Amino acid sequence: MTSLIISIDIGTTSTKSTVFTTTGQALSSFYQGYPMTKKADGTATQDPETIFQAVLTTLKEALDFNNSRQHAIAVTFSSAMHSLIGLDKNNQLLTPVITWADSRSNTYAESLKMSPQGLAFYKKTGTPLHPMTPLSKIMWLKQEQTELYQQISLFTSIKEYVFYRLFDEHLVDYSIASGTGLFNIHTLKWDQEILAFLELTEDRLPQAVPPTTQLSQVNKRYQESLDLPDIPFILGASDGALANLGTNCISPEKANLSIGTSAALRYTVRAPLLHAAGETFCYLLDEGYWVIGGAANNGGMVIDWARQLAETDMSYETFMAKVELIPAGSDNLFFHPYLSGERAPIWSGDIRGSFTGLALSHTHAHLMRAVLEGICFNIADIFQALNSLTASPEKVCASGGFSHSSTWKQLMADVLGQPITFPQTHESSGLGAMILALKSLNLISDYEESSLLAIFQQDSSEDIVIPIEANKQVYSKQLWKFQQLKELTKQQTIILTTQ
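Residues numbered from 1 in each chain as written. Predicted model: local features only at pLDDT ≥ 70, side-chain atom pairs only at ≥ 80, totals over all residues. Heavy atoms only, no water.

Quick look at the pattern of salt bridges now. Proximity of charged atoms lets side chains of opposite charge pair with each other. Under the definition given, this model contains 18 salt bridges. Arg104 is the partner of Asp102 in a salt bridge, and the nearest nitrogen-oxygen pair spans 2.8 Å. For Asp102, a relative accessible area of 2% puts it in the buried group. For Arg104, a relative accessible area of 21% translates into the label partly exposed. For Arg307, the salt bridge goes to Asp304, with nearest N and O atoms at 2.9 Å. With Arg307 and Asp304 both in helix H11 (residues 300–310) and three residues apart, the pair spans about one turn of that helix. (Salt bridge = Lys/Arg side-chain N within 4 Å of Asp/Glu carboxyl O. Buried < 20%, exposed > 50% of the residue type's maximum accessible area, 1.4 Å probe, protein only. Helix = DSSP H or I, 4+ residues; strand = E, 2+ residues; numbered from the N terminus.)

Set out below in structure tokens:
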């Protein structure tokens, strides 16, 4: 049997461990979900112990699968970004996982964005100023949870907490570190100016190391309970950066688009590229690759909201059928889908959604189509911001829940104005982590090595959606209107949030 690599993806809603061959074939995956605690004040937290146990459970299931334990040569990791955990001097938990979705630090993020330091910090870190970031969360903790803040000896994040539990070491990979707002993506070190601004010393942060870093000698307790073979654990990287690697979007000629509950559009480049107004992110994959892009809060969750608002039992299929009844452009009705604030390209926790241009002639179906168009326009807005930094990609590879809807796929291609390719792969972040492991194990020398082409060609079936020319022309004009109305929406936010 061929050698195996177990890839563990620590996500927002579940952890998934996948058994891969070193030729990229996913043999089996094992999942364990967990809840998020959400409150009206913006709280969005999770229990670190529950997530750690999910890692152990799914790893054991992967090792038990078809005698994988005997053929595994490494365990590698992918993880969601922007989480924050506080530990005391004895490395005991003082906080839950404060996730990327937690918005309690919004006031501090907005204040920093408006300050002279804001854009300068972005240019150092590539991290837009937003309540998702550990930078903003630490500012909030320091001012509003002062006693707790003073008890925190170390600020870490969920993957790093898992590694601490397994190896008793505090390490963070460059990729996850680059999403904190504290890490300089040019020097690959914690930024001393930003730490001084926070009055935070470097010894209260994990040591930043390359994503290919290997650890061995797992804590004896877990070594025995998992019956672990003597194989390295590879620190890994962020799920977004690894998704680009796992879909072979490893150059700016290829973009990776993912739309599920939320959405993200990313390109991989060989040097940092930063937006003049801070509208896009620039995170690390590893020492030689950066991932530029924009993530949007409002993807499929907005459709779920519209369906529930219209009819408590409206199906997804009924929603799309209504969309099909209305011509492109929704008869000049616009929807800005910022129902849960927005990340790219606005980066505001305060902004809210709105319909613009409502008339008596508009029907319920018009509203449904405008909702879907609004989600797509927002992604196209990110697309244009990225294309101001580098040439427009020759190929857009897409994945996520929206790929199950022919209506949504066509509308997205029409709004972007170029073909979208839907590869038949469902393990992009996990596969990216496996490829990173190949590099760590010296089985490949570079992510663009020709030998990797076989991994991406083994399942060459893909669906390509071509824009409808007439719709493309309509949306080209409508996107400009959407962007102009977005500026008015930002001004309305100021009015709504003024006391």
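What follows covers the side chain of Ser330. Locating Ser330 in the fold gives a position in the loop between helix H12 (316–324) and strand E20 (334–336). Take Ser330: its relative accessible area is 0%, and that puts it in the buried class. Of the polar contacts made by the side chain of Ser330, one reaches the backbone nitrogen of Ala370; its length is 3.3 Å. Sequence-distant contacts of Ser330, that is, excluding residues within four places in its chain, are made with His362, His366, Arg369, Ala370 and Glu373. (Polar contact = N/O pair within 3.5 Å; in protein donor to acceptor, adjacent residues only side chain to side chain. Contact = heavy atoms within 4.5 Å.)

Here six strands make up an open sheet; going across it, the order is E3-E2-E1-E6-E15-E14 and the pairing mixed. This sheet does not close on itself; its edge strands, each paired only once, are strand E3 (26–33) and strand E14 (214–215). Each of strand E1 (4–10), strand E6 (72–79), E14 and strand E15 (233–238) touches helix H6 (residues 158–167); the most contacted strand, E15, lies at about 170 degrees to it. Sheet strands touched by helix H10 (residues 239–246): E1, E6 and E15. Its angle to E15, the strand with the most contacts, is close to 95 degrees. (Pairing = 2+ DSSP bridges. Axes fitted to C-alpha atoms, helices over the stretch in contact; angles between N-to-C directions.)

As a further point, take the sheet that holds strand E8 (residues 97–98). By way of backbone hydrogen bonds, the strands of a sheet pair with one another, either parallel or antiparallel. With antiparallel pairing, three strands are arranged side by side in an open sheet as E4-E5-E8. Each end of this open sheet is capped by a strand with a single partner; those strands are strand E4 (37–38) and E8. Relative to E8, strand E5 (residues 44–46) runs antiparallel, the two being bridged by two bridges. Bridge assignment links Gln46 to a residue of E8, and that residue is Val97.

Here we take up the packing of helix H2 (residues 106–114) against helix H4 (residues 134–144). Running from N to C, H2 and H4 cross one another at 115 degrees; their axes reach a closest spacing of 8 Å. One element, H2, and the other, H4, form an angle in the roughly perpendicular class. With respect to the hand of their crossing, H2 and H4 are arranged in right-handed fashion. Contacts from Tyr108, Ala109 and Leu112 in H2 reach Leu135, Ser136, Met139, Trp140, Gln143 and Glu144 in H4. (Parallel < 35°, antiparallel > 145°, perpendicular 65-115°, else oblique. Left-handed = near helix turned anticlockwise from the far one by under 90°.)

Okay, helix H15 (residues 428–440) next. Three or four residues apart is the spacing at which side chains of an α-helix point the same way, because the helix has 3.6 residues per turn. Here H15 spans 18 Å end to end across 13 residues, near enough to the 18 Å set by a 1.5 Å rise per residue. Most of H15 sits inside the fold, with 12 of its 13 residues counted as buried. Taken together, the buried positions of H15 are Ser428, Ser429, Gly430, Leu431, Gly432, Ala433, Met434, Ile435, Leu436, Ala437, Leu438 and Ser440. Phi turns positive one or two residues past the end of H15, at Asn442, with a value near 65 degrees. (Expected span 1.5 Å × (residues − 1).)

On to the pairing of strand E17 (residues 263–269), then. Counting buried positions along E17 yields seven of seven residues, so the element is predominantly enclosed. With five bridges connecting them, strand E16 (residues 254–259) and E17 associate as antiparallel partners. Paired with Ala255 across the two strands is Tyr267, which belongs to E17. Joining the antiparallel neighbours E16 and E17 is a turn of three residues.

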